[in-house]
Amino acid sequence: MHFTFPVPSSKRASANILKDTLLTILILIIATAISFWFFHTVPENPANIALVYITALVLTARFTNGYIYGIAASLVSVTGINYLFTYPYFQVNFTLTGYPVTFLFTLIISLVVSTMTTRIKEQADALIEREKLLMDAEKEKMRANLLRSISHDLRTPLTGIIGNSSTYIDNYASLNEKEKLSLVSNIREDSNWLLNMVENLLSVTRIDQHSMKIATSMESVEEVVSEAVLRFHKRYPDAKVQVQVPDDFLMLPMDAMLIEQVIINLVENATIHSGSVLPVELTVTCSDKQVNFCVRDYGRGIPPKKLDTLFDGSYYEPESSFDGHKGMGIGLSICKTIITAHSGTITAANYEKGCQFTFTLPKCEDQF
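Residues numbered from 1 in each chain as written. Predicted model: local features only at pLDDT ≥ 70, side-chain atom pairs only at ≥ 80, totals over all residues. Heavy atoms only, no water.

(A) The arrangement of the side chain of Asp-297 in detail. With respect to the helices and strands, Asp-297 occurs in the loop between β5 (290–296) and α8 (304–307). For the buried Asp-297, which has no salt bridge, the nearest side chain bearing the opposite charge is Arg-296, at an N-O separation of 6.0 Å. For Asp-297, the side chain forms a polar contact with the main-chain nitrogen of Gly-299, separated by 3.0 Å. Beyond its immediate chain neighbours, meaning those up to four positions away, Asp-297 contacts Ala-270, Ser-274, Lys-353, Gly-354 and Cys-355. (Helix = DSSP H or I, 4+ residues; strand = E, 2+ residues; numbered from the N terminus. Buried < 20%, exposed > 50% of the residue type's maximum accessible area, 1.4 Å probe, protein only. Lys, Arg positive; Asp, Glu negative; His and termini not counted. Salt bridge = Lys/Arg side-chain N within 4 Å of Asp/Glu carboxyl O. Polar contact = N/O pair within 3.5 Å; in protein donor to acceptor, adjacent residues only side chain to side chain. Contact = heavy atoms within 4.5 Å.)

Now the structure itself:
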């Protein structure tokens, strides 16, 4: 059995002090060695030595914590310049003509540089910490919305499955074939909906919950789109989808399974919730830095008040009752999570007839 004991804060603080002290000494030793090299190779230009020590002060302030190390390095640097590189050598002599002024201004510059560098580093650390807190808050909000959507979207089809199956069993002898087929069809429809939801939830597990990133590989856009449409047609064989992709062969860094799930979710939402009998259009276009995937329907559109919260996982139920038993909030929330993990964007917009969902994927793998 393995036990992990927390390191006391006092020991941690002592270790940090020792590390910063040794680092300051190391930087000053290196600066002194470089200054000796300048002193013996370019003796006519002593300003190089001062610049070397000022650089050492900046590095000290950058890689240590607190002001004390930069201030101490400033005092050591000014004294070292006087003792090692100012005649008479190996003597501390502040009585030389003009040297007290030089000493004073060098010390002021060193202290100002050290203080400014330390303050900038503290501000940068504070900004990083703030961004981390905001990211954690966003992930917590997304998790809460996801759980709320799951609780609604799972309960409704499960209730339908239980109710239809109970009706089938309890009234088997009195039901005609058409009624039996209707009940079984409803059970299959709700089962497919649950299957899709489980696939959505499983897809989220492929995303690193700490960095919100995913492992990508170069994939063919045409093959990913084709596989997504094929999987969609297995579930909805009568649905019509018109696909248009560029003639050029496109390769993108992505997790193919996750992007397929996004396409399936969007096409399925357009098919089920639009209320239109016209085919859904899936169009892929390419620009200089990204590839755009657009899913367009010609149905009822999305209520304008829902557009701003469409991807936050809140439950969305169309006003019409013909498909009101199914929400699509959880699917869109997961779509946003997947696209964000790919460093892309996803948006929705209404048109005079229907609406369009668009997500983008960057071409460059360095953006991940």
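(B) The packing of helix α2 (residues 47–63) against helix α3 (residues 68–85), seen in detail. As a packed pair, α2 and α3 sit with axes 9 Å apart at the nearest point and diverge in direction by 160°. Classified by the interaxial angle, the pair formed by α2 and α3 is roughly antiparallel. Considering how the two elements wind past one another, α2 and α3 form a crossing that is right-handed. Contacts between α2 and α3 involve Ile-49, Ala-50, Tyr-53, Leu-57 and Thr-60 from the first element and Tyr-69, Gly-70, Ala-73, Ser-74, Ser-77, Ile-81 and Phe-85 from the second. Split into classes, the residues belonging to the contact of α2 with α3 amount to eight nonpolar, four polar and no charged. (Axes fitted to C-alpha atoms, helices over the stretch in contact; angles between N-to-C directions. Parallel < 35°, antiparallel > 145°, perpendicular 65-115°, else oblique. Left-handed = near helix turned anticlockwise from the far one by under 90°. Nonpolar A, V, L, I, M, F, W, Y, C, P; charged D, E, K, R; others polar.)

(C) Seen up close, the environment of Leu-154. Mapped onto the secondary structure, Leu-154 falls in helix α4 (residues 99–170). Each C-alpha atom of the pair Leu-154 and Trp-193 lies 9.1 Å from the other, and the pair is 39 residues apart in sequence. With residues up to four places along the chain from it excluded, the contact list for Leu-154 reads Leu-194 and Met-197.

(D) Representation of the pattern of salt bridges in the model. All chains considered together, the criterion is met by two salt bridges. In this structure, the salt-bridge partner of Glu-260 is Arg-231, at a minimum N-O distance of 3.1 Å. Taken together, the residues Glu-260 in helix α7 (residues 256–273) and Arg-231 in helix α6 (residues 221–235) connect sequence positions 29 residues apart.

(E) Quick peek at the nonpolar core. Residues Ile-259, Ile-263, Phe-293 and Phe-359 are the most contacted members of the largest nonpolar core, which totals 41 residues. The biggest single contributor to this core is α7, with nine residues. (Core = buried A, V, L, I, M, F, W, Y, C linked by side-chain atoms within 4.5 Å.)

(F) Spatial organisation of the confidence of the model for the protein chain. Overall, the prediction assigns the protein chain a mean pLDDT of 80, with 82% of residues at 70 or greater. Across the protein chain, the secondary-structure element scoring lowest on mean pLDDT is α4, at 77, and the one scoring highest is β5, at 96. Taken together, the stretch residues 1–5 has pLDDT below 50 and engages in zero contacts with residues farther than four places along the chain or on a different chain. Low pLDDT (under 50) marks residues 315–325, which in the prediction has 30 contacts with non-local residues, meaning those over four places away or in another chain. (pLDDT = per-residue confidence, 0-100.)

(G) Expanded view of the environment of Phe-38. Relative to the helices and strands, Phe-38 is located in helix α1 (residues 9–41). Sequence separation between Phe-38 and Ile-49 is eleven residues, and the spatial gap between their C-alpha atoms is 6.9 Å. Beyond its immediate sequence surroundings of up to four residues, Phe-38 is in contact with Pro-43, Asn-48, Ile-49 and Val-52.

(H) Molecular detail of α2. Given a rise of 1.5 Å per residue, 17 residues ought to cover 24 Å, and the 25 Å separating the end C-alpha atoms of α2 matches this to within 8%. Within the span of α2, buried status applies to Asn-48, Ile-49, Val-52, Tyr-53, Ala-56, Leu-57, Thr-60 and Ala-61. (Expected span 1.5 Å × (residues − 1).)

(I) Structural detail: the packing of aromatic side chains. In the structure shown here, the tally under the stated rule is seven aromatic pairs. When the ring of Phe-293 is compared with that of Phe-359, the centres are 4.6 Å apart and the planes differ by 5°; the resulting orientation is stacked. Highlighted residues: Phe-293 in strand β5 and Phe-359 in strand β7 (residues 355–362), separated in sequence by 66 residues. The residues Phe-293 and Phe-359 share a single accessibility class, namely buried. Among the aromatic residues, ring-to-ring pairing joins Phe-36, Phe-39 and Phe-85 into one connected group. Against the face of Tyr-172 rests Lys-180, its NZ or CZ located 3.7 Å from the ring centre. We note Arg-296 situated over the ring of Tyr-351; from NZ or CZ to the ring centre the distance is 4.3 Å. (Phe/Tyr/Trp six-rings, centres within 6.5 Å; stacked < 30°, edge-to-face > 60°. Lys NZ or Arg CZ within 6 Å of the ring centre and 35° of its normal.)

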